[in-house]
Amino acid sequence: MSVPARQIRARYSADTITVYQAYPPQIALPAVAAGRLVAPFKRDRMTWIKPSFLWMMYRCGWATKPGQERVLSIDITREGFEWALARACLSHYDRDLHDDKATWTRQLKTSPVRVQWDPERTLHLKALPYRSLQVGISNEAVDRYVDDWTVAVTDITPTVHRVRDLLHGGDVQAAAAHLPIERVYQLPVHMAAGLNISPDATVGEGSKQQYRP
(Lines give C-alpha, C1' and ligand atoms only; values in the text may rest on other atoms or scores of the structure.)
Protein backbone atom coordinates (compact mmCIF):
# COMPACT_ATOMS: atom_id res chain seq x y z
CA MET A 1 0.00 0.00 0.00
CA SER A 2 1.43 3.39 -0.97
CA VAL A 3 1.90 6.04 1.71
CA PRO A 4 0.15 9.39 1.12
CA ALA A 5 2.55 12.19 0.24
CA ARG A 6 1.72 14.24 3.36
CA GLN A 7 0.47 12.29 6.35
CA ILE A 8 1.02 12.69 10.08
CA ARG A 9 2.56 9.59 11.63
CA ALA A 10 3.30 9.51 15.34
CA ARG A 11 3.44 7.55 18.56
CA TYR A 12 0.30 8.42 20.49
CA SER A 13 -2.18 7.23 23.09
CA ALA A 14 -5.79 8.18 23.76
CA ASP A 15 -4.69 11.44 25.39
CA THR A 16 -1.12 12.22 24.35
CA ILE A 17 1.15 12.35 21.32
CA THR A 18 4.94 12.06 21.38
CA VAL A 19 7.14 14.67 19.73
CA TYR A 20 10.92 14.90 19.65
CA GLN A 21 13.44 17.66 20.18
CA ALA A 22 17.23 17.70 20.51
CA TYR A 23 19.16 20.08 22.74
CA PRO A 24 22.54 20.51 24.38
CA PRO A 25 22.84 18.98 27.88
CA GLN A 26 22.46 22.35 29.61
CA ILE A 27 18.88 22.59 28.28
CA ALA A 28 17.93 18.90 28.10
CA LEU A 29 18.95 17.79 31.59
CA PRO A 30 17.05 20.53 33.50
CA ALA A 31 14.02 19.80 31.31
CA VAL A 32 14.06 16.13 32.26
CA ALA A 33 14.43 17.02 35.95
CA ALA A 34 11.55 19.53 35.82
CA GLY A 35 9.29 17.53 33.53
CA ARG A 36 9.05 20.47 31.14
CA LEU A 37 11.32 22.90 29.34
CA VAL A 38 12.87 25.42 31.72
CA ALA A 39 15.68 27.98 31.59
CA PRO A 40 18.08 28.22 29.87
CA PHE A 41 15.48 27.22 27.26
CA LYS A 42 14.28 30.48 25.69
CA ARG A 43 10.57 30.95 25.14
CA ASP A 44 11.02 33.98 22.89
CA ARG A 45 12.36 31.89 20.00
CA MET A 46 10.51 29.56 17.66
CA THR A 47 10.98 25.91 18.64
CA TRP A 48 10.29 22.99 16.30
CA ILE A 49 8.66 19.78 17.45
CA LYS A 50 8.79 16.63 15.36
CA PRO A 51 6.45 13.61 15.59
CA SER A 52 8.81 11.51 13.44
CA PHE A 53 11.62 9.76 15.34
CA LEU A 54 13.69 9.08 12.23
CA TRP A 55 13.36 12.63 10.96
CA MET A 56 14.66 13.76 14.36
CA MET A 57 17.59 11.36 13.92
CA TYR A 58 18.30 12.85 10.52
CA ARG A 59 18.18 16.36 11.97
CA CYS A 60 20.46 15.66 14.94
CA GLY A 61 22.71 13.05 13.31
CA TRP A 62 21.92 10.42 15.95
CA ALA A 63 22.64 12.97 18.69
CA THR A 64 26.09 13.87 17.35
CA LYS A 65 25.56 17.39 15.99
CA PRO A 66 26.73 20.32 18.16
CA GLY A 67 23.90 21.63 20.31
CA GLN A 68 21.81 18.49 19.69
CA GLU A 69 23.65 15.97 21.86
CA ARG A 70 20.60 14.98 23.92
CA VAL A 71 17.35 13.79 22.35
CA LEU A 72 14.14 14.32 24.29
CA SER A 73 10.91 12.41 23.87
CA ILE A 74 8.15 14.79 24.94
CA ASP A 75 4.61 13.62 25.53
CA ILE A 76 2.10 16.42 25.01
CA THR A 77 -1.67 16.45 25.08
CA ARG A 78 -3.46 15.68 21.86
CA GLU A 79 -5.73 18.61 22.63
CA GLY A 80 -2.71 20.93 22.64
CA PHE A 81 -1.25 19.40 19.48
CA GLU A 82 -4.51 19.89 17.63
CA TRP A 83 -4.87 23.43 19.03
CA ALA A 84 -1.53 24.18 17.38
CA LEU A 85 -2.43 22.62 14.05
CA ALA A 86 -5.76 24.44 13.94
CA ARG A 87 -3.85 27.75 14.12
CA ALA A 88 -0.93 26.83 11.90
CA CYS A 89 0.25 28.41 8.67
CA LEU A 90 2.30 26.63 6.04
CA SER A 91 5.90 27.88 6.05
CA HIS A 92 5.81 28.29 2.28
CA TYR A 93 3.32 29.85 -0.12
CA ASP A 94 1.09 27.42 -2.03
CA ARG A 95 -1.06 28.95 -4.75
CA ASP A 96 -3.52 26.05 -4.52
CA LEU A 97 -4.20 26.76 -0.84
CA HIS A 98 -3.77 30.50 -0.42
CA ASP A 99 -5.79 33.23 -2.12
CA ASP A 100 -2.67 35.24 -2.86
CA LYS A 101 0.86 35.66 -1.58
CA ALA A 102 0.07 38.82 0.39
CA THR A 103 -2.66 37.02 2.34
CA TRP A 104 -0.31 34.12 3.10
CA THR A 105 2.41 36.55 4.23
CA ARG A 106 0.03 38.24 6.68
CA GLN A 107 -1.08 34.88 8.03
CA LEU A 108 2.52 33.74 8.45
CA LYS A 109 3.39 36.85 10.44
CA THR A 110 0.43 36.58 12.80
CA SER A 111 0.17 32.82 13.31
CA PRO A 112 1.85 31.40 16.46
CA VAL A 113 2.39 28.10 14.63
CA ARG A 114 3.87 27.15 11.28
CA VAL A 115 4.20 23.77 9.65
CA GLN A 116 6.31 22.31 6.90
CA TRP A 117 6.61 18.95 5.22
CA ASP A 118 10.07 17.43 4.81
CA PRO A 119 11.04 14.07 3.28
CA GLU A 120 10.59 11.21 5.76
CA ARG A 121 13.70 9.13 6.41
CA THR A 122 14.68 5.47 6.38
CA LEU A 123 16.59 3.82 9.19
CA HIS A 124 19.73 4.78 7.27
CA LEU A 125 18.39 8.36 7.08
CA LYS A 126 17.88 8.31 3.33
CA ALA A 127 15.01 10.42 1.95
CA LEU A 128 11.71 8.65 1.26
CA PRO A 129 9.18 9.74 -1.41
CA TYR A 130 6.65 10.88 1.20
CA ARG A 131 6.78 13.64 3.78
CA SER A 132 6.92 14.08 7.54
CA LEU A 133 5.37 16.94 9.49
CA GLN A 134 7.45 19.50 11.41
CA VAL A 135 5.66 21.99 13.68
CA GLY A 136 7.21 25.32 14.62
CA ILE A 137 5.69 27.05 17.64
CA SER A 138 6.23 30.58 18.89
CA ASN A 139 4.73 33.24 21.17
CA GLU A 140 1.50 32.03 22.82
CA ALA A 141 1.99 28.51 21.47
CA VAL A 142 5.36 28.13 23.21
CA ASP A 143 3.87 29.17 26.55
CA ARG A 144 1.04 26.68 26.11
CA TYR A 145 3.49 23.96 25.04
CA VAL A 146 5.65 24.43 28.13
CA ASP A 147 3.01 25.24 30.74
CA ASP A 148 -0.11 23.35 29.64
CA TRP A 149 0.56 20.67 27.03
CA THR A 150 3.67 18.91 28.30
CA VAL A 151 2.88 15.72 30.22
CA ALA A 152 6.31 14.04 30.38
CA VAL A 153 9.89 14.63 29.21
CA THR A 154 12.21 11.65 28.75
CA ASP A 155 15.87 11.63 27.72
CA ILE A 156 16.10 8.90 25.10
CA THR A 157 19.72 9.58 24.12
CA PRO A 158 20.92 6.14 25.35
CA THR A 159 18.40 4.48 23.01
CA VAL A 160 19.49 6.74 20.16
CA HIS A 161 23.12 5.75 20.71
CA ARG A 162 22.15 2.08 20.90
CA VAL A 163 20.33 2.21 17.57
CA ARG A 164 23.22 4.07 15.97
CA ASP A 165 25.75 1.53 17.26
CA LEU A 166 23.67 -1.40 16.04
CA LEU A 167 23.45 0.17 12.59
CA HIS A 168 27.18 0.79 12.51
CA GLY A 169 27.65 -2.86 13.45
CA GLY A 170 25.44 -3.97 10.58
CA ASP A 171 22.62 -5.37 12.73
CA VAL A 172 19.74 -3.57 11.01
CA GLN A 173 17.06 -5.90 12.38
CA ALA A 174 18.11 -5.29 16.00
CA ALA A 175 18.32 -1.54 15.36
CA ALA A 176 14.81 -1.49 13.89
CA ALA A 177 13.45 -3.29 16.95
CA HIS A 178 14.28 -0.23 19.07
CA LEU A 179 12.24 2.17 16.92
CA PRO A 180 8.99 3.58 18.32
CA ILE A 181 5.81 2.40 16.62
CA GLU A 182 4.37 5.35 14.72
CA ARG A 183 0.84 5.13 13.35
CA VAL A 184 -1.25 7.41 11.18
CA TYR A 185 -2.63 10.36 13.14
CA GLN A 186 -5.71 11.53 11.27
CA LEU A 187 -7.25 14.97 11.49
CA PRO A 188 -10.73 16.17 10.52
CA VAL A 189 -10.97 17.42 6.94
CA HIS A 190 -11.55 21.05 7.95
CA MET A 191 -8.35 21.09 10.04
CA ALA A 192 -6.23 19.17 7.56
CA ALA A 193 -7.08 21.34 4.54
CA GLY A 194 -4.98 24.30 5.61
CA LEU A 195 -2.01 22.04 6.34
CA ASN A 196 -2.02 20.50 2.85
CA ILE A 197 -2.46 17.01 4.28
CA SER A 198 -3.22 14.40 1.64
CA PRO A 199 -6.99 13.79 1.32
CA ASP A 200 -6.68 10.07 2.13
CA ALA A 201 -4.95 10.93 5.45
CA THR A 202 -8.01 12.57 7.03
CA VAL A 203 -11.25 11.58 8.72
CA GLY A 204 -14.67 12.91 7.82
CA GLU A 205 -16.29 16.00 9.29
CA GLY A 206 -18.02 15.39 12.59
CA SER A 207 -16.06 12.20 13.25
CA LYS A 208 -13.41 11.84 15.91
CA GLN A 209 -10.42 9.58 15.51
CA GLN A 210 -10.50 6.73 17.99
CA TYR A 211 -7.34 5.48 19.66
CA ARG A 212 -6.60 1.81 19.04
CA PRO A 213 -3.47 0.37 20.71
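For the structure itself, consult the block above.
The structure reproduced in this document is the subject of the present report. (Residues numbered from 1 in each chain as written. Predicted model: local features only at pLDDT ≥ 70, side-chain atom pairs only at ≥ 80, totals over all residues. Heavy atoms only, no water.)

### Thoughts on the pattern of salt bridges
Considering all chains together, one arrives at seven salt bridges under this definition. Between Asp 147 and Arg 43 there is a salt bridge, with its nearest N and O atoms 2.8 Å apart. Taken together, the residues Asp 147 in helix H5 (residues 140–149) and Arg 43 in the loop between helix H1 (25–34) and strand E3 (47–49) connect sequence positions 104 residues apart. Classification of Arg 43 by relative accessible area gives partly exposed; the value is 31%. Where Arg 70 meets Asp 155, a salt bridge forms, and the shortest distance between an N and an O atom there is 2.6 Å. Placement of the pair is Arg 70 in strand E4 (residues 70–77) and Asp 155 in strand E8 (residues 150–155), with a sequence separation of 85 residues. Residue Arg 70 is classed as partly exposed on the basis of its relative accessible area, which comes to 24%. What emerges from the salt-bridge pattern is a single network uniting Arg 36, Arg 43, Asp 143 and Asp 147. (Salt bridge = Lys/Arg side-chain N within 4 Å of Asp/Glu carboxyl O. Helix = DSSP H or I, 4+ residues; strand = E, 2+ residues; numbered from the N terminus. Buried < 20%, exposed > 50% of the residue type's maximum accessible area, 1.4 Å probe, protein only.)

So far we have only geometry, and geometry alone does not tell us how the molecule works.
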